[in-house]
Amino acid sequence: MSEQEKTKVMFVCRSAPYGNIFEQEAIEAMIMFGAYEQDISVSFIDDGVYSLKKGQDTSLLGKKNFSLTYMILKDDFEINHIYVEKESLEERGLNESDLITEVEVLDRNALREKMDEMKAFLPF
Amino acid sequence: MSEQEKTKVMFVCRSAPYGNIFEQEAIEAMIMFGAYEQDISVSFIDDGVYSLKKGQDTSLLGKKNFSLTYMILKDDFEINHIYVEKESLEERGLNESDLITEVEVLDRNALREKMDEMKAFLPF
Amino acid sequence: MKFGILIKDGPYMHQAMDTAYNFIVAAMEMGHEITGVFFYNDGVYNRSNALEPPIDERNIMKLLTDIELKGVRLIVCVAAGKRRGIVNKTVCEVNEISGLGQLLDLCIASDRMITF
Amino acid sequence: MKFGILIKDGPYMHQAMDTAYNFIVAAMEMGHEITGVFFYNDGVYNRSNALEPPIDERNIMKLLTDIELKGVRLIVCVAAGKRRGIVNKTVCEVNEISGLGQLLDLCIASDRMITF
Amino acid sequence: MLHIVKRSPYESSALNDSLKYIKEKDILLLIEDGVYSAKKGGKFENLLKGVLQNNEVFCLIADVKARGIEGSEIIENVKLIDYKGFVDKVCEQNPLMWA
Amino acid sequence: MLHIVKRSPYESSALNDSLKYIKEKDILLLIEDGVYSAKKGGKFENLLKGVLQNNEVFCLIADVKARGIEGSEIIENVKLIDYKGFVDKVCEQNPLMWA
């Protein structure tokens, strides 16, 4: 399929992990979508940036640590673009070195420009 | 039963109506509790004060207007005390005349003193 | 226009299903097409076959059957459903259960995707 | 001490049931008594008999059965359950279904009432 | 983009979060508990008036009426629309729900 | 009173709402997404330090670890407790969940 024919869909991840299931079920959707050869982006903004925080250890909660999946999302599941918003990181006292995997850090304006290219948003 | 033997329970209503079911199911609980001859209070704070707003008309939503029940909660269902927090009203541009029924308007400090008497809180 | 719909909240607890229903009815009256309604997260509860709301309250099961009869496709995510107990024996229609690929198909087939 | 527990959120969607479970286990290990767990609002979904979470995930149905076997009383609100499809045929144990008066009874019988 | 906000500004950051992404020509649509943002005399009146300088703001009338808010209590220049108007706005611009 | 906050201060008003009701000797307990309030370098660091002037603040360690926050990243004088510590706090004071 040519690049122009692909549908551009962006997951907009705005929730912190573990307090609710949104980010976990969003990842389950990302993994499935990767197989369909469309143009899938994921953006982490607001509390969504916490999902990428390094060092998550859920053993005391009895819940699954799904953050490790982000490390292989791009290579194993063909998610084309993973963005994290710079301002949301800063507001939370986080920086790039706190993140579990290498992602594209964009400021709000740049991320908004990416949004303008999308056909559909899936907010989680 | 003597007043001292009664259990003091306070519903703490902090949600606006219709966006979620909390206030409607809280009212269903209040109605049942009234029959048990305990000492039941209801306090409306934060967005909970919107539940008491006059003039709710849910016809276009297709949902039930449950606000009318507040008018008879005290007399018909023996809920002993209904409080609304002054500061939350003010912050929302509301005053006593906006409310569907006569309730006790208390400032935060006075309401907090009532809270100190409670055995149990039920937050909605 | 063609609209795809994603529902993430359960019935009665949040207003999402009600807003979506009113949106869908309005869109169809205006001659637009609904490509499908995908139920994800707690949205899957909307398709429980056991909802018994009080008789003086709106019946969400009936409202959804109404739009289904008008040709709107309803799709319940199998994974989100299993986790929450919306499975073959508890779902309104067994053949509504499907995979997440259907959500992407809605994104592809619709001019607009809207989440409630 | 005697603790009464109120659960307002459904399984998996929010962390409430997990936090409550860990609280209950800790309290019992410390020798405290749990007077009962009342499921209201979306909390009733925790007692669906059809939950089928992935095998590598915690099984909330099993966790609740464990504490029930240790003598903790579980109570599902009949009205909240009917509205959401948690009724005789879909609930874990039919005799857990009861009325709102039980919630007030928990308030009366417990030293502390805690909501999750 | 059509920014849809359904949460109350008093309890949720959704309105603020959406406004960080609003650009010229974007529309702000307030539905469900989001309509409280458009009430005169409330804490968010000035914020919303600022938005109105650069963007159109719409409010779902069914949600306004359900919550007991009169048309006269809605901040000036905020436009009330019905569900069909909602559909029209989604046709005009690509929607993102700020839940 | 024991004020329990389980929502993130970035998306919810719960922390702020609870602090309006906090009195001398009351305890603030942060659980679930509420623990983000206690992270150093975040937007709510000063607010929480203000609370610590007059009240004890506790954080559930299971929730802190799950979210990848190190003990060293927690604001000074905030105390980490396990579920048994949580039970103890509920024994000490009457709990109200600010959801």
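What counts, and where the lines are drawn
Residues numbered from 1 in each chain as written. Chains lettered and ligands numbered in written order. Predicted model: local features only at pLDDT ≥ 70, side-chain atom pairs only at ≥ 80, totals over all residues. Heavy atoms only, no water. Helix = DSSP H or I, 4+ residues; strand = E, 2+ residues; numbered from the N terminus. Rg over C-alpha atoms; globule rule 2.2 N^0.38 Å. Buried < 20%, exposed > 50% of the residue type's maximum accessible area, 1.4 Å probe, protein only. Contact = heavy atoms within 4.5 Å. Areas by Shrake-Rupley, 256 points an atom, 1.4 Å probe, with all protein chains shown as cover. Lys, Arg positive; Asp, Glu negative; His and termini not counted. Charge placed at Lys NZ, Arg CZ, Asp CG, Glu CD. Axes fitted to C-alpha atoms, helices over the stretch in contact; angles between N-to-C directions. Parallel < 35°, antiparallel > 145°, perpendicular 65-115°, else oblique. Left-handed = near helix turned anticlockwise from the far one by under 90°. pLDDT = per-residue confidence, 0-100. Salt bridge = Lys/Arg side-chain N within 4 Å of Asp/Glu carboxyl O. Nonpolar A, V, L, I, M, F, W, Y, C, P; charged D, E, K, R; others polar. Buried area = accessible area lost by both parts, 1.4 Å probe. Polar contact = N/O pair within 3.5 Å; in protein donor to acceptor, adjacent residues only side chain to side chain. Least-squares fit on C-alpha atoms with pLDDT ≥ 70 in both. Arc of directions from axis to C-beta. Phe/Tyr/Trp six-rings, centres within 6.5 Å; stacked < 30°, edge-to-face > 60°. Lys NZ or Arg CZ within 6 Å of the ring centre and 35° of its normal.

**Observations regarding the overall build of chain A**
Link 1 in the chain: A tally of helices and strands in chain A yields four helices and five strands.
Link 2 in the chain: The helix and strand sequence of chain A, counted from the amino end, reads β-α-β-α-β-α-β-α-β.
Link 3 in the chain: Its C-alpha atoms give chain A a radius of gyration of 14 Å, within 12% of the compact-globule value 14 Å for 124 residues.
Link 4 in the chain: With respect to the three principal axes, the spread of C-alpha positions in chain A is 45 × 30 × 20 Å.
Link 5 in the chain: For chain A, with 124 residues in total, the buried portion stands at 60%.
Link 6 in the chain: In chain A, the proportion of contacts linking residues at least 24 apart, taken out of those at least 6 apart, comes to 75%.
Link 7 in the chain: Carbon and sulfur atoms provide 45% of the accessible area of chain A, an area that totals close to 4,700 Å².
Link 8 in the chain: For chain A, the separation between the mean place of its 14 positive charges and that of its 25 negative charges on side chains is 3 Å.

**Description of the packing of helix 1 (residues 16–29) of chain C against helix 2 (residues 60–69) of chain C**
Residues and elements named next belong to chain C.
Link 1 in the chain: Following both chains from N to C, one finds helix 1 and helix 2 inclined at 25 degrees, their axes separated by 11 Å at the closest point. It follows from the interaxial angle that helix 1 and helix 2 lie roughly parallel. Here helix 1 runs over helix 2; the crossing is left-handed. Between helix 1, through Met-17, Asp-18, Tyr-21, Ile-24 and Val-25, and helix 2, the contact on the second element is made entirely by Ile-60, Leu-63, Leu-64 and Ile-67.

**Brief notes about the confidence of the model for chain E**
Link 1 in the chain: Overall, the predicted model of chain E reaches an average pLDDT of 98, with 100% of residues at or above 70.
Link 2 in the chain: Here the prediction assigns the complex a pTM of 0.98, and the interface score ipTM is 0.97.

**Quick look at the pattern of salt bridges**
Link 1 in the chain: Applying the stated criterion across every chain, the model contains 72 salt bridges over all chains.
Link 2 in the chain: A salt bridge links Glu-28 of chain A to Arg-83 of chain C; the shortest N-O distance between them is 2.8 Å. One end of the pair, Glu-28 of chain A, is in helix 1 (residues 22–33); the other, Arg-83 of chain C, is in helix 3 (residues 78–84), on a second chain.
Link 3 in the chain: According to the relative accessible area criterion, Arg-83 of chain C is buried, its value standing at 1%.
Link 4 in the chain: The shortest N-O distance in the salt bridge between Asp-18 of chain D and Arg-58 of chain D comes to 2.4 Å.

**Here's the deal with the packing of helix 1 (residues 16–29) of chain D against helix 4 (residues 83–92) of chain F**
Link 1 in the chain: Look at helix 1 of chain D against helix 4 of chain F: their axes get within 8 Å of each other, and the N-to-C directions meet at 80 degrees. In this view, helix 1 of chain D runs roughly perpendicular relative to helix 4 of chain F, as classed from their interaxial angle. Each of Thr-19, Asn-22, Phe-23, Ala-26, Ala-27 and Glu-29 of chain D in helix 1 of chain D lies in contact with helix 4 of chain F, whose residues at this interface are Tyr-83, Lys-84, Phe-86, Val-87 and Val-90 of chain F.
Link 2 in the chain: The class makeup of the residues in the contact of helix 1 of chain D with helix 4 of chain F is seven nonpolar, two polar and two charged.

**Quick look at the interface of chain B and chain E**
Link 1 in the chain: With 19 residues of chain B at the interface, the matching set in chain E holds 19 residues.
Link 2 in the chain: Together, the buried faces of chain B and chain E total about 1,600 Å²; carbon and sulfur atoms form 53% of this surface.
Link 3 in the chain: Linking chain B with chain E are three salt bridges.
Link 4 in the chain: Between Lys-43 of chain E and Glu-91 of chain B there is a salt bridge; the shortest N-O distance is 3.2 Å.
Link 5 in the chain: Inspection of the chain B/chain E interface yields 10 residue pairs in polar contact (both at pLDDT 80 or more).
Link 6 in the chain: Of the residues contributing to the side of chain B that touches chain E, the split by class is seven nonpolar, five polar and seven charged.

**Quick look at the interface of chain D and chain C**
Link 1 in the chain: With 21 residues of chain D at the contact, the number on the chain C side is 21 residues.
Link 2 in the chain: Summed over both partners, the interface of chain D with chain C buries about 1,800 Å², with 55% contributed by carbon and sulfur atoms.
Link 3 in the chain: When the buried area of chain D at its contact with chain C is split by residue, Tyr-45, Glu-52 and Arg-83 of chain D rank highest and sum to 32% of it.
Link 4 in the chain: At the junction of chain D with chain C, the criterion picks out four salt bridges.
Link 5 in the chain: With a shortest N-O distance of 3.8 Å, Lys-82 of chain C and Glu-52 of chain D are connected by a salt bridge.

**A closer look at the relation of the copies chain D and chain C**
Both copies of the chain are related through a single rotation about an axis accompanied by a shift along the same axis.
Link 1 in the chain: Each copy superposes on the other: chain D lies on chain C with an RMSD of 0.0 Å after a rotation of 180 degrees and an axial shift of 0.0 Å. Classification of the inter-copy transformation places it as that of a two-fold axis. Closest approach to the rotation axis among the C-alpha atoms of chain D is made by Thr-90 of chain D, whose C-alpha sits 3.9 Å away.
Link 2 in the chain: Both copies present the same face, since 100% of the interface residues in chain D are matched by interface residues at the equivalent positions in chain C.

**Some details on the arrangement of the chains**
Link 1 in the chain: Considering only C-alpha positions, the minimal separation of the non-contacting chain A and chain B is 17 Å.
Link 2 in the chain: Here chain D and chain E are not in contact; the least distance found between their C-alpha atoms is 15 Å.

**Focus on helix 2 (residues 45–54) of chain F**
Residues and elements named next belong to chain F.
Link 1 in the chain: Burial in helix 2 covers these residues: Glu-45, Leu-48, Val-51 and Leu-52. All buried residues of helix 2 project into a common sector of 120 degrees when viewed along the axis, lining one side. Exposed residues lying more than 90 degrees from the buried face of helix 2 are Asn-46, Gln-53 and Asn-54.
Link 2 in the chain: Residues of helix 2 that are buried sit in contact with helix 1 (14–19), strand 2 (27–30) and strand 3 (56–60).

**Regarding the environment of Asp-42 of chain D**
Residues and elements named next belong to chain D.
Link 1 in the chain: Within the secondary structure layout, Asp-42 lies in the loop between strand 2 (33–39) and helix 2 (60–69).
Link 2 in the chain: Asp-42 sits in the buried class, given a relative accessible area of 6%.
Link 3 in the chain: The spatial distance from the C-alpha of Asp-42 to the C-alpha of Arg-84 is 7.8 Å, given a sequence separation of 42 residues.

**What about the side chain of Asn-22 of chain D?**
Link 1 in the chain: Mapping Asn-22 of chain D onto the fold places it in helix 1.
Link 2 in the chain: By relative accessible area, Asn-22 of chain D is classed as buried at 14%.
Link 3 in the chain: Within the local environment of Asn-22 of chain D, its side chain forms a polar contact with the side chain of Tyr-83 of chain F, the two groups lying 3.2 Å apart.
Link 4 in the chain: Setting aside its immediate chain neighbours within four residues, Asn-22 of chain D contacts Leu-60 and Leu-61 of chain A together with Tyr-83 of chain F.

**Section: the packing of aromatic side chains**
Link 1 in the chain: Taken as a whole and assessed by the stated rule, the structure comprises 31 aromatic pairs over all chains.
Link 2 in the chain: Lying over the aromatic face of Tyr-10 of chain E, Arg-92 of chain B brings its terminal NZ or CZ to 4.1 Å of the ring centre.

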